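# Breakdown of the fold
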Amino acid sequence: MSTSMEATTPAAHHGFADATMIDHESELLQISLGPHHPSTHGVFRMDVVLDGERVVKLKPVFGYLHRNHEKIAESTTYLASIPYTDRLDYMCSLSNNWAYAMSVEKLAGLQVPERAEYIRVIAAELTRLQNHASTIGFLMQEMGASGTPLMYAFREREKILDLFEALTGSRMMCNYMRFGGCRVDLPAGWLDQARKTVAEYPRFLDEFESLLASNEILLARTQGVGVLPPKLAIQGGVTGPILRASGVNYDIRKVDRYGIYERFDFKVPLGEHGDVYDRYMIRMLEMRESLKILDQALQQIAPGPIMDPKAKIRGFRPKAGEAYGRIESPKGELGFYLISDGTPNPYRYRVRPPSLINLTVLEDMCLGSSLADTVVIFGTIDIVLGEVDR
Amino acid sequence: MTALSYNSLHHSSPQAADQIFVIVQHWIVGHAPVGLQPLLAILLSVVAIVGGFGLLFAITTILERKGLGRIQNRYGPNRVGFFGSLQPIADAIKSLTKEDIVPQTADKLVHLLAPILLVLAAFSVYAVLPVGRNMVLVNLDAGVLFFFAIGSVTEVAVFMAGWSSRNKYSLLGAMRAIAQMISYEVPLILSSLTVIMATGSLSTVSIVEKQAGYTGILPHWFIFTPWGFAGFVLFMIAATAESNRSPFDLPEGESEIIAGYYIEYSGFKFALFFLGEYLGMFAISGLAITLFLGGWNAPLPFLTWVPSYLWFFAKLLTLIVAFIWVRGTLPRLRMDQLMNFAWKFMLPMALLNLITAAVWHFMPAGPVRWLVSIVLVVVPYTVLGRNQMHKGHLEKRVYRFAE
Amino acid sequence: MLGEGIAKGLIETARNFLGSYVNKDRLTTVQYPEERLPQAEATRDFPFLVYDGEDWQAGLRCVGCQICEKECPPKCIFIEKSTDKKPDAVGKPQFYPAVFNIDISVCMSCQICVKVCPFDAIKMDTAFELSTYDRFGGLLWDKAKLAKPNQHYHEIHPTEAAEVDGRLADERAKADAKAKAAAEAKASAPPPATPPAAPPANSGVSSTS
């Protein structure tokens, strides 16, 4: 196989397709918003070409956090992969656990008892609350509000993390779901603590809204910025709050009705314009809906077993076959595709990362905006590098 | 020319506590040979200014960090000294002992000169600020003009810093800084023009003296007039933009271009940039106090026994607290929105404010004058404000829910 | 009116500032290391081996079955079985680990080793201030460093420890009862039947009793 000589312009080094765009006589400025950056949510790089302050081309470069998660899963048992799924989207470890457990339960045909389903819903909605709180806090931080909304958001998030620690033993790497149910039952007093946290949460949302929702500077910075048309969103495979902010009604909790979500009364908020303001407000509204679900679940939960009696911890060998389980994680559709060949290790283990797939529309959203907007738009996609790179 | 006359202290109602610094200066100067006395007097004043405002800089850094901390539900620094009061000393030691890194391709001379020029310019403008009764370094007839002229040198220093660093981020930051500072000079000067029109003089000392006196308990400060209030608000917004403070800190936008024009500075030069920025903030607040808030005059007639310099510093501290408060609350504006705001809102408001000041000056005193002036201020504000918001179709939205 | 939202935001910030002096809820800092937050009971940091009684070698519950070594996801446990046996927690003679090392710089605190251990021998500790100056040997813990008494387990996880103790006591009682029943059956069992002598060809006398 013969390889042609690559052009040696700087553009070719950086991998830009159109090498003639960058030459020393043009007025375009190429900047690397590099892996060391306060606002890139992790080790992530964006190669941006600017014309003055307008973005002309943008290329996301990731892979700095690749840890071989899928290949490692092929050489360990199904059970041993559960702690590794915590570390995918490290902010929402309980949701990741649930998606993986659901795929394996589909593969092996296990039934989850009712109390375990309730615990799973409570854990997932608490995860959604703390993830959205962190996202909007960091969005404000990137817009320059010097940490004040961030601190308020984290004040609430700490209470939820305390709940996780009491339940699972760890604040973020929870490692809690098992195939067929949950690892341990709720400790004494946990339900009361959870009810108290949920009752105090709306006060933070109201404070946040009065601080920022009608702030003129915020409105000017976010409305009309980074518009994502619904057709482009569907073509790009975007899911999660971003899709709903563009006006497409697709929430997997309502579509698949997995778990026991159909027992709860909650609504799905939809945006109209698909800009940054919509994505920010949709997350606020989703937090309120999660509070509604939590109220109902915390009331309805009843004592009972938490593990499927047929489930095995050691020597777990599902029958040969394949399964795809997906949930509505706070970032989008998180799915696990498993192929089993009857051995204790999976034959193929594939994660559908919502952050990576939502990133594919970043360039389309940012073209024509200024550099300051790029950072803000990027913040609303809400990626976590652990998931993008696995 | 100078406010120093060694033989007579016949200025208006002096008291010992009020004039303590002047008395001390005269006593020290009296010991020197006659030929050297002016030079020594000026040197003493310069040392006092540098020392005093340097100390204020140290206090402001700790005040800002603790203030922001409390706003954000946390303590500020509280390990060094009682409640963190020795933190500025720790910061000074840190910045003095850090390695001074200069990029290899940078323009070394300009890179070195930029912070020095910034601090020089920032200190020079204090020469015309009357800190207390008889306490101004130089009583220039064109004091305000001197202030604005020398104050603009800081913009050159900022551009020097950004250009000499040979770094795309600092270049972006420098460009933004220049555009912002030049745009906001215009409303700044126009809003101070109203005061100059009202007093008929450019000398800071006479502007302060014109604001002495009380009707009842209300002082004659210019902020208590409609045009003065509007002018003060415009002046403070432009001042925030001039000193690159939030919400106008895009040139040093920390979350995008990470410190902008001073990204390649480390160690003591970085500390000099900080010093220059804060000194600029104090200087322009000082000018605002001189123009609109009555300088060193007391706010109520029965409080004139408190020394004048204490009133000046109390007002200065209030303005600094306001700066910190705004920084902790507001996100920052984008570049084009900044410029939009300057040219399409503040400039028309400042021009109309001139008309309001003229109307106030020529109408006879009474409630009619107040009514006309207030209308002349409020109506353009509402119209221009609505224009700003509606141009981008900015409004609060209502969301629908699916099924 | 332009400026209304900004004014609302400023009031909110001022409320937080003033509230931080009077309301504990608005000043949530814990001044570590002088103050520490209490840890939840279920907290898990790094494993330790449980021993009953006073002698950590004799009372060690671990029998060296190597199940935790196999199930550990990052493979940070290293076990070498012994060649002789000693009685375990319920009294049965079992092997014991001659070498039991955990590399806590690799361990990710997932607690799978605890879950799969059939003998309640390894549990999760709650100490997290484990900095050391030696990052190669200092973070490789051997059996002596890992062994901690059952009282320690009761202190850090009281509910769990009570449940484990109850279960072990039940098992020991059952094992004791079984052993007693076997001993009783043996004591009151008839003496072993002597094999009958070759019976005479035409004698009809049976020697059975």
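Because the structure is predicted, anything quoted here is derived from the model rather than measured. (Residues numbered from 1 in each chain as written. Chains lettered and ligands numbered in written order. Predicted model: local features only at pLDDT ≥ 70, side-chain atom pairs only at ≥ 80, totals over all residues. Heavy atoms only, no water.)

Two side chains that carry opposite charge are able to pair once their charged atoms sit near each other. All names here are of chain B. Scanning the model with the defined rule gives 47 salt bridges over all chains in all. The salt bridge partner of Asp 18 is Arg 133, with a shortest N-O separation of 2.3 Å. One end of the pair, Asp 18, is in the segment before α1 (20-29); the other, Arg 133, is in the loop between α4 (108-124) and α5 (143-151), with 115 residues separating them in the sequence. A relative accessible area of 2% means that Asp 18 is categorised as buried. Note that Arg 245 and Glu 64 form a salt bridge whose closest N and O atoms lie 3.1 Å from each other. Placement of Arg 245 in the loop between α9 (226-242) and α10 (268-292) and of Glu 64 in helix α2 (residues 37-71) is noted, with a sequence separation of 181 residues between them. (Salt bridge = Lys/Arg side-chain N within 4 Å of Asp/Glu carboxyl O. Helix = DSSP H or I, 4+ residues; strand = E, 2+ residues; numbered from the N terminus. Buried < 20%, exposed > 50% of the residue type's maximum accessible area, 1.4 Å probe, protein only.)

It is worth spelling out a nonpolar patch on the surface at this point. A cluster of nonpolar residues, B:Ile20, B:Phe21, B:Val24, B:Trp27 and B:Ile28, forms a patch on the protein surface that exposes about 490 Å² of accessible area. In this fold, B:Val24 is placed in helix α1. (Patch = residues over 30% accessible without salt bridge, like charges linked within 9 Å, V, L, I, M, F, W, Y side chains within 5 Å. Areas by Shrake-Rupley, 256 points an atom, 1.4 Å probe, with all protein chains shown as cover.)

With that out of the way, let us pick up the sheet that holds strand β2 (residues 77-81) of chain C. All names here are of chain C. A sheet is described by the order of its strands in space; here three strands give the open sequence β2-β5-β7, paired in antiparallel fashion. The two strands at the open ends of the sheet, each matched to only one other strand, are β2 and β7 (140-141). Here two bridges tie strand β5 (residues 97-103) to β7, and the two strands are oriented antiparallel to one another. Each residue of the ladder has a partner; that of Asp 103, found in β7, is Leu 140. (Pairing = 2+ DSSP bridges.)

Next up on the list: the packing of aromatic side chains. All names here are of chain B. Taken as a whole, this structure holds 38 aromatic pairs over all chains when the rule is applied. With centroids separated by 4.3 Å and ring planes inclined at 35°, the aromatic side chains of Phe 53 and Tyr 126 adopt a geometry described as tilted. Of this pair, Phe 53 sits in helix α2 while Tyr 126 sits in the loop between α4 and α5, and the two are 73 residues apart along the sequence. Of the two residues, Phe 53 and Tyr 126, neither departs from the other in class, the shared state being buried. Between Phe 232 and Phe 292, the aromatic rings sit 5.9 Å apart at their centres with planes inclined by 65°, giving edge-to-face as the arrangement. Of this pair, Phe 232 sits in helix α9 while Phe 292 is found in helix α10, placing the two residues 60 residues apart along the sequence. Judged on exposure class, the residue Phe 232 and its partner Phe 292 are both buried. (Phe/Tyr/Trp six-rings, centres within 6.5 Å; stacked < 30°, edge-to-face > 60°.)

The subject of this paragraph is the interface of chain C and chain A. In this assembly, 28 residues from chain C lie in contact with 30 residues from chain A. Here chain C and chain A share an interface that buries about 2500 Å² over both sides, 50% of which is from carbon and sulfur atoms. Considering only the side of chain C, the residues that lose the most area to chain A are C:Arg44, C:Met108 and C:Lys115, jointly responsible for 20% of the buried surface there. Joining chain C to chain A, the criterion identifies zero salt bridges. Put simply, chain C and chain A have 12 residue pairs in polar contact (both at pLDDT 80 or more) between them. (Contact = heavy atoms within 4.5 Å. Buried area = accessible area lost by both parts, 1.4 Å probe. Polar contact = N/O pair within 3.5 Å; in protein donor to acceptor, adjacent residues only side chain to side chain.)

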